[in-house]
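Architecture and fold: a report
So the chains spell out like this:
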Amino acid sequence: MAKSLNGIFISYRREDAAGHAGRLFDRLAAHFGKASVFMDVEGIEAGVDFVETIETAVGGCDVLLAVIGRGWLDSRDSQGNRRLDDPQDFIRLETSSALSRNVRVIPVLVEGARMPRAEALPADLRLITRRQALELRDSRWEDDIQALIAVLERVLASATATPSASTTAR
């Protein structure tokens with residue numbers, strides 16, 4: 001049985017870290033191939049249902065990269081409400097879905113952002129604070145990307161090996 005088309009899902013807020021997420025996507029797509037990396041602006045064609053596509057991609061990913069910039073935690077909607085407090089917020093849905101499926105979720109800190117405290121998050125996101133974060137610094141971008149790629153290679157190799165191992169055991 002084939003594994004998901006997109007092994008790596010990049011979750012980010014456009015107003016918070018779009019530039020870093022785009023740069024990350026370009027580098028990972030060059031290394032793993034575009035078919036292995038999902039990012040909304042690259043992975044959704046015009047006229048396709050955005051919500052269904054996101055749900056399918058999160059449901060089939062092997063690793064979710066939660067790109068966290070300085071405004072990730074406190075981003076506000078047009079009414080001034082914190083986005084993460086909205087159960088329908090896409091970032092919350094993507095991340096909580098991956099956490100509930102026990103997908104490898106890697107917090108990727110950009111622009112000097114720090115991991116949020118558990119008590120600052122909705123209950124369904126609190127487990128992200130127990131995940132080891134990786135920082136992508138502009139001054140050490142290539143070194144930091146190489147560290148991330150090494151982790152992703154191990155995760156994806158493990159995900160690919162798991163189905164064949166269980167098939168062999170049968």
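To keep things clear, this report deals only with the structure shown in the data block.

Parameters at a glance
- All residue numbers refer to position in the chain's written sequence, counted from 1.
- Selection of residues for local features in this predicted model requires a pLDDT of at least 70, selection of side-chain atom pairs for listing and counting requires 80 or more, and totals for whole chains, interfaces and linings are taken over all residues.
- Only hydrogens and water are removed before side-chain values are computed, so all heavy atoms of the structure are retained for them.
- Secondary structure counts use DSSP, requiring at least four H or I residues in a row for a helix and at least two E residues in a row for a strand, with both numbered from the N terminus.
- Contacts: residue pairs with any heavy atoms within 4.5 Å of one another.
- In this description, a nonpolar core means a group of buried Ala, Val, Leu, Ile, Met, Phe, Trp, Tyr and Cys residues linked to one another through side-chain atoms lying within 4.5 Å.
- Here the term buried applies to any residue with accessible area under 20% of the maximum for its type, exposed to any over 50%, and partly exposed to those in between, with areas from a 1.4 Å probe on protein chains only.
- For two strands to be treated as a pair, DSSP must find at least two bridges joining them.
- In this analysis, axes come from line fits to C-alpha atoms, helices being fitted only over the stretch in contact, and the angle between any two N-to-C directions falls in the range 0 to 180 degrees.
- For Phe, Tyr and Trp, rings pair up if their centres lie within 6.5 Å, where Trp contributes its six-membered ring, and each pair is then called stacked (planes under 30 degrees apart), edge-to-face (over 60) or tilted (otherwise).

A word on the side chain of Thr95. Among the secondary structure elements, Thr95 is positioned in helix α4 (residues 90-100). Aside from chain neighbours lying at most four places away, what touches Thr95 is Ser11, Leu64, Leu125 and Ile128.

For the rest of this paragraph, the subject is the nonpolar core. One recurring pattern in soluble globular proteins is that nonpolar side chains are buried together. If you look at the biggest cluster of nonpolar residues, it comprises 27 residues, and the most contacted ones within it are Ile8, Ile10, Leu24, Leu28, Leu65 and Leu152. Of all the secondary-structure elements, those providing two or more residues to this core are β1 (8-11), α1 (14-32), β3 (63-68), β4 (104-110), β5 (134-136) and α5 (141-169). In this structure Ile8 touches Leu28, Phe32, Ser36, Val37, Phe38, Val63, Leu65, Leu152 and Leu156, once residues within four positions along its chain are discounted. Ranked by size, the runner-up nonpolar core spans 24 residues in total, among them Ile54, Cys61, Trp72 and Val105.

On the basis of which strands lie adjacent, the open sheet formed by 5 strands has the order β2-β1-β3-β4-β5 and parallel pairing. Of all strands in the sheet, those bounded by a partner on one side alone are β2 (37-38) and β5. Pairing between β4 and β5: 3 bridges, direction parallel. Residue pairing in the sheet places Val110 in a bridge with Leu136 of β5. Set on the sheet, α4 makes contact with β1, β3 and β4; between it and β1 the angle comes to about 145 degrees.

Moving on: the packing of aromatic side chains. Within the structure shown, the criterion is met by 1 aromatic pair. With a centroid separation of 5.1 Å and an interplanar angle of 20 degrees, the aromatic rings of Phe9 and Phe38 are classed as stacked. In this pair, Phe9 sits in strand β1 while Phe38 sits in strand β2, placing the two residues 29 residues apart along the sequence. Neither residue differs from the other here; Phe9 and Phe38 are each classed as buried.

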